[in-house]
Amino acid sequence: MPTARLLAAFDQTIAAVRRMEAVGLRAVDGTSAQAQLARLIQELTTQRAAIAGGAALEPEWAGRVVRWVAEWIPESELPLLARLGGIARAGRCT
């Protein structure tokens, strides 16, 4: 069951990032965040696939992604950091 929670956390985060992509989110510096969002979706889907295949979540990956997103995400979208933290927390329970 813990893996199911982790996969659900990934699914919810991927859906949130896709919504941001659809509305044309701008980064904190005012530029388009489309490239960052595309990279984030790729990172999330790759990790999700690995976990679905039986791999464990790498804490280093989660920390690196949270720090990277914090560099460019606008304050209005800080809940995304909470979602990423939810992935890290669910990963510790698997």
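Above this text sits the structure in question.
Rules used throughout
Residues numbered from 1 in each chain as written. Predicted model: local features only at pLDDT ≥ 70, side-chain atom pairs only at ≥ 80, totals over all residues. Heavy atoms only, no water. Helix = DSSP H or I, 4+ residues; strand = E, 2+ residues; numbered from the N terminus. Expected span 1.5 Å × (residues − 1). Buried < 20%, exposed > 50% of the residue type's maximum accessible area, 1.4 Å probe, protein only. Phe/Tyr/Trp six-rings, centres within 6.5 Å; stacked < 30°, edge-to-face > 60°. Lys NZ or Arg CZ within 6 Å of the ring centre and 35° of its normal. Core = buried A, V, L, I, M, F, W, Y, C linked by side-chain atoms within 4.5 Å. Contact = heavy atoms within 4.5 Å. Axes fitted to C-alpha atoms, helices over the stretch in contact; angles between N-to-C directions. Parallel < 35°, antiparallel > 145°, perpendicular 65-115°, else oblique. Nonpolar A, V, L, I, M, F, W, Y, C, P; charged D, E, K, R; others polar. Arc of directions from axis to C-beta.

## Structural notes on helix α4 (residues 79-92)
Relative to the 20 Å expected for 14 residues at 1.5 Å per residue, α4 spans 20 Å between its end C-alpha atoms, a close match to the ideal helical length. Residues of α4 that are buried include every one of Leu 80, Leu 84, Gly 85, Gly 86, Ile 87, Ala 90 and Gly 91, and no others.

## A look at the packing of aromatic side chains
Describing an aromatic ring pair means giving the distance of the ring centres and the angle of the ring planes. In total, this model carries 2 aromatic pairs according to the counting rule given. Its guanidinium or amino end placed over the ring of Trp 68, Arg 39 lies 4.1 Å from that ring's centre, counting from NZ or CZ.

## Things to note about the nonpolar core
Ranked by internal contacts, the top residues of the largest apolar core, which has 27 residues, are Leu 40, Leu 44, Val 69, Trp 72 and Ile 87. Every element with two or more residues in this core is listed here: α1 (2-22), α2 (34-52), α3 (59-72) and α4. The contacts of Leu 40, once residues within four sequence positions are left out, are Val 17, Val 65, Trp 68, Val 69, Trp 72 and Leu 80.

## Here's the deal with the packing of α3 against α4
The geometry of α3 relative to α4 is characterised by a closest axis approach of 10 Å and an angle of 175° between their N-to-C directions. Taken together, the axes of α3 and α4 lie roughly antiparallel to each other. Taken together, the residues of α4 that come into contact with α3 (itself represented by Trp 61, Ala 62, Val 65, Val 66, Val 69 and Ala 70) are Leu 80, Leu 81, Leu 84, Ile 87 and Ala 88. Of the residues belonging to the contact of α3 with α4, the class tally is 11 nonpolar, no polar and no charged.

## Overview of α3
Three- or four-residue spacings in an α-helix give side chains the same orientation, since the helix completes a turn every 3.6 residues. Taking 1.5 Å per residue, 14 residues should reach 20 Å; α3 reaches 21 Å between its end C-alpha atoms and fits that length. Taken as a whole, α3 has its buried residues at Trp 61, Ala 62, Val 65, Trp 68, Val 69 and Trp 72. Burial along α3 is one-sided: seen end-on, the buried residues are contained in an arc of 135°. Among the exposed residues of α3, those pointing more than 90 degrees away from its buried face are Pro 59, Glu 60, Arg 67 and Glu 71.

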